[in-house]
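Below, each chain spelled out in residue letters.
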Amino acid sequence: AKMIFAALMVVLGGVDSADVVLSSQSIPFQTGRLIWQDQQQQARFDWEFEIRRASQSLAGSTMAYHADLDEADAQGRLVLNDPVMILFGDNLWADTQTGRVRWAGRVRGYFKNSPWRFVAAEMDGTNRQYVARDIVFTSCDRPVPDYHVHASSGTIWPGERLSLRH
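What counts, and where the lines are drawn
Residues numbered from 1 in each chain as written. Predicted model: local features only at pLDDT ≥ 70, side-chain atom pairs only at ≥ 80, totals over all residues. Heavy atoms only, no water. Helix = DSSP H or I, 4+ residues; strand = E, 2+ residues; numbered from the N terminus. Buried < 20%, exposed > 50% of the residue type's maximum accessible area, 1.4 Å probe, protein only. Polar contact = N/O pair within 3.5 Å; in protein donor to acceptor, adjacent residues only side chain to side chain. Core = buried A, V, L, I, M, F, W, Y, C linked by side-chain atoms within 4.5 Å. Contact = heavy atoms within 4.5 Å. Phe/Tyr/Trp six-rings, centres within 6.5 Å; stacked < 30°, edge-to-face > 60°. Lys NZ or Arg CZ within 6 Å of the ring centre and 35° of its normal. Pairing = 2+ DSSP bridges.

Participant: An account of the environment of Tyr110 is needed here, citing residue identities and associated values.
Facilitator: Position of Tyr110 relative to the elements: it lies in strand β9 (residues 107-111). Judged by its relative accessible area of 33%, Tyr110 falls in the partly exposed class. Along the primary structure Tyr110 and Val84 are separated by 26 residues, whereas in three dimensions their C-alpha atoms are 8.7 Å apart. A distance of 3.2 Å separates polar atoms of two side chains, one belonging to Tyr110 and the other to Arg108.

Participant: Please set out the nonpolar core residue by residue, giving values where relevant.
Facilitator: Generally speaking, soluble globular proteins have nonpolar side chains that are buried together. Leu87, Trp103, Phe118, Met123, Tyr130 and Ile156 are the most contacted members of the largest nonpolar core, which has 26 residues in total. Other than its neighbours up to four places away in sequence, Tyr130 contacts Leu80, Met85, Leu87, Val101, Met123, Asp124, Gly125, Gly154, Thr155, Ile156 and Pro158.

Participant: Help me get a handle on the packing of aromatic side chains, residues and values and all.
Facilitator: Within a pair of aromatic rings, the relevant descriptors are the distance that separates the centres and the angle that separates the planes. Inspection of the entire model under this criterion finds four aromatic pairs. Measuring from centroid to centroid gives 5.7 Å for Phe111 and Trp116, while their planes differ by 85°, and the two rings are edge-to-face. Ring geometry for Trp116 against Phe137: centres 5.5 Å apart, planes inclined by 85°, an arrangement best described as edge-to-face. Here the residue Trp116 occupies a position in the loop between β9 and β10 (117-125), and Phe137 occupies one in strand β11 (residues 130-138), the gap between them amounting to 21 residues. Here the aromatic cluster, defined as three or more aromatic residues joined through ring pairs, consists of Phe111, Trp116, Phe118 and Phe137. Its guanidinium or amino end placed over the ring of Phe88, Arg108 lies 4.7 Å from that ring's centre, counting from NZ or CZ. Positioned above the aromatic ring of Trp157 is the side chain of Arg161, whose terminal nitrogen or guanidinium carbon lies 4.1 Å from the ring centre.

Participant: Go over the pairing of β11 with me, naming the residues and quoting the values.
Facilitator: The pairing of β10 with β11 spans eight bridges and is antiparallel. Counterpart to Phe118 in the pairing with β11 is Phe137. Connecting β10 to the next strand, β11, in antiparallel fashion are four residues. Both β11 and strand β12 (residues 149-157) contribute to a ladder of seven bridges, which runs antiparallel. When the bridges of β12 are listed, Ile135 appears paired with Ala151.

Participant: Explain the environment of Asn113 residue by residue, including any values.
Facilitator: For Asn113, the location among the structural elements is in the loop between β9 and β10. Residue classification places Asn113 among the exposed residues on the basis of a relative accessible area of 75%. Separated by 46 residues in sequence, Asn113 and Gly159 have C-alpha atoms that sit 7.8 Å apart.

Okay, here's the thing in structure tokens:
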């Protein structure tokens, strides 16, 4: 997530509006509309956006980037796809300097190389480690799981392990 949001900083150079904006590092930003407000150091992507960089992508409905704060807010049917897992949610905040992200509201996650999946009320962390609150986890590969574990909090190390606390 850090690399994706950091890429926003490269692209934003006073663009008024466009359907596709390409950065100098060939990172595609595909969007219905990009609004850039130079005096406020903000950019807003509307009408569906998709950001791709290396092996990660983020897609959703809207995103606002605040250059003066190094922060990005994305909302609406978000899908974060990285090499280890896929996350789905409706509200994501990111600090582009530190790579820290916060998923507010319900977030679902699927691990690509195992049947592990979860639903959490919220998650906070980086792509190396997330802390989740009110998490339901299962390793059952059926569409409707036969079993699950519910915990008040947990720590997820994507692609490695999971620690749950009640």
